[in-house]
Amino acid sequence: MQIVKKPLRYIERLCRNTVALVLAGGRGTRLQGLTRLRAKPATSYAGKYRIIDFTLSNCMNSGIRRVGVAAQYEAVTLASHIQRSWGHLRSEMGEWVGLLPARQQRQTDDWYLGTADAVYQNLAVLEELDPDYLLILAGDHVYLMNYLPMLEQHADTGADITVGGLEVPAEIADQFGVLTCGADGRVRSFVEKPATPLEHAGADGTLLASMGIYVFSRSTIREILASDAADPSSTRDFGKDVIPALIQNHHVGCYRFVDPATGHPGYWRDVGTVDAFFRGHMELVQPVPRINLYDPRWPVWSYAPHLPPAKLAPDAEGNRGLAQRSLLASGSIVTGGNVTASVLAYQARVDRAEITASVLLPGAHIEPGCRLNQVIVDEDVVIPPGTEIGFDLEADRARFDVTDNGAVLVTRDRISSLGARD
């Protein structure tokens, strides 16, 4: 990760005077059945993690040890994971990850109305911690990032707010907020999900997309969010309302996220759709993925059950269990089957089945004679013997959710049509 060159005392002061708030309250409807019973940030990812672990690990590895998580939808699933994964931090040493559930207050009956409102409703709690800076993060993105250089830039330039940006191809920019920055690093315009992104593109066909990462100075955040809360036309969203309104009268800076080793745009994925979730996993099984989960200098922390190692074993007839170009988490077993370019989460089982380019979430069980191609199998789902999924998408659409790009999502509420056992 990027090496910080400022004096250690300066870095320690930045860390000590920063509080992070992770926004984790959305319903996650774009992940369809995967979030029917769990919060999107609590969804399994990369075999042994939950999506929110990437953001929380970035905080810990960056030295930011005071982190609030603003939760709302299915908050119990998120609370359980945070307690098990992050409850070991020492609060008496000023280290903690705490859940901040949405709550009705005296002045309003509303839950969180948007990203900016989630921060505003928790501002009094955060201000009690007396930070100089507030780092706003999303709980549903997959990336490895040192936040300290962004904090340094924010402090050195005296900005009111600094927005994290990533260069992306113009053809996908309609999915993001798009920034235009001047030579001085200040944001000149901010357009949320532009219908014609090419108008904002540079000569190389790329433009700067907002990563949903913001640094606020405490001296201005209450004024900014109070003004937004008082505006009846606002949707209480950072990208749609707050940032565009600040550009004219405040110092809005831009921090470009790059890979320090190459100088190229860093790896960052919004995995909030089924297609993006599937695509992100397929990137992990490449020979050299762009995201390095094996770097001991920047570990991704999480909780997973204490399980035995993954196992490849022959079946009773002597057919070998094989896996190639795949990730197999602890406790997963392949018996007499063949797994290719797939991710098996902990306690996933494959019995004499053919699995290709698929994602099996924790506890998934694929019984003998099955063939799966480009399939996501939800937690604890049992696929009955002889089932084929991913080869006839028209037939699959009658039984499961199929994305525009041909990935098939199999969840517990949809598997009943196959007569699966619980």
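The coordinates are above.
The shown structure was predicted, so the numbers you read here are calculated from the model rather than taken from an experiment.

Quick notes on the rules
- Residues numbered from 1 in each chain as written.
- Predicted model: local features only at pLDDT ≥ 70, side-chain atom pairs only at ≥ 80, totals over all residues.
- Heavy atoms only, no water.
- Helix = DSSP H or I, 4+ residues; strand = E, 2+ residues; numbered from the N terminus.
- Rg over C-alpha atoms; globule rule 2.2 N^0.38 Å.
- Contact = heavy atoms within 4.5 Å.
- Lys, Arg positive; Asp, Glu negative; His and termini not counted.
- Charge placed at Lys NZ, Arg CZ, Asp CG, Glu CD.
- Pairing = 2+ DSSP bridges.
- Buried < 20%, exposed > 50% of the residue type's maximum accessible area, 1.4 Å probe, protein only.

Examining the overall build of the protein
Okay, step 1: Helix and strand counts for the protein stand at 11 helices and 29 strands.
Okay, step 2: The C-alpha radius of gyration of the protein comes to 22 Å, within 12% of the 22 Å expected for a compact globule of 422 residues.
Okay, step 3: Considering only C-alpha atoms, the protein reaches an extent of 70 × 50 × 50 Å along its principal axes.
Okay, step 4: For the protein, contacts bridging at least 24 residues in sequence account for 59% of all contacts bridging at least 6.
Okay, step 5: Placing the 41 positive and 49 negative side-chain charges of the protein at their respective mean positions leaves the two points 5 Å apart.

What to know about the sheet that holds strand β17 (residues 333–335)
Okay, step 1: Read across the open sheet, the 5 strands follow the order β14-β17-β20-β23-β26; overall the sheet is parallel. The sheet is open, and its two edges are formed by β14 (311–313) and β26 (382–383), each paired on a single side.
Okay, step 2: The sheet contact formed by β17 and strand β20 (residues 349–351) spans 3 bridges and is parallel. Opposite T335, over in β20, you have D351 as the bridge partner.

Side note on the environment of A71
Okay, step 1: Of note, A71 is situated in strand β4 (residues 66–71).
Okay, step 2: Counting along the chain gives 54 residues from A71 to V125, while the straight-line C-alpha distance between them is 14 Å.
Okay, step 3: For A71, the contacting residues outside a window of four places in its chain are A24, G25, L78, L99, L100, P101, A102 and Y112.

What to know about helix α2 (residues 52–61)
Okay, step 1: In terms of residue burial, α2 counts as a mostly covered element, since 9 of its 10 residues are buried.
Okay, step 2: Turning to α2, its buried residues number three or more, namely I52, D53, F54, T55, L56, S57, N58, C59 and M60.
Okay, step 3: A positive backbone phi angle near 90° is found at G63, which sits one or two residues after α2.

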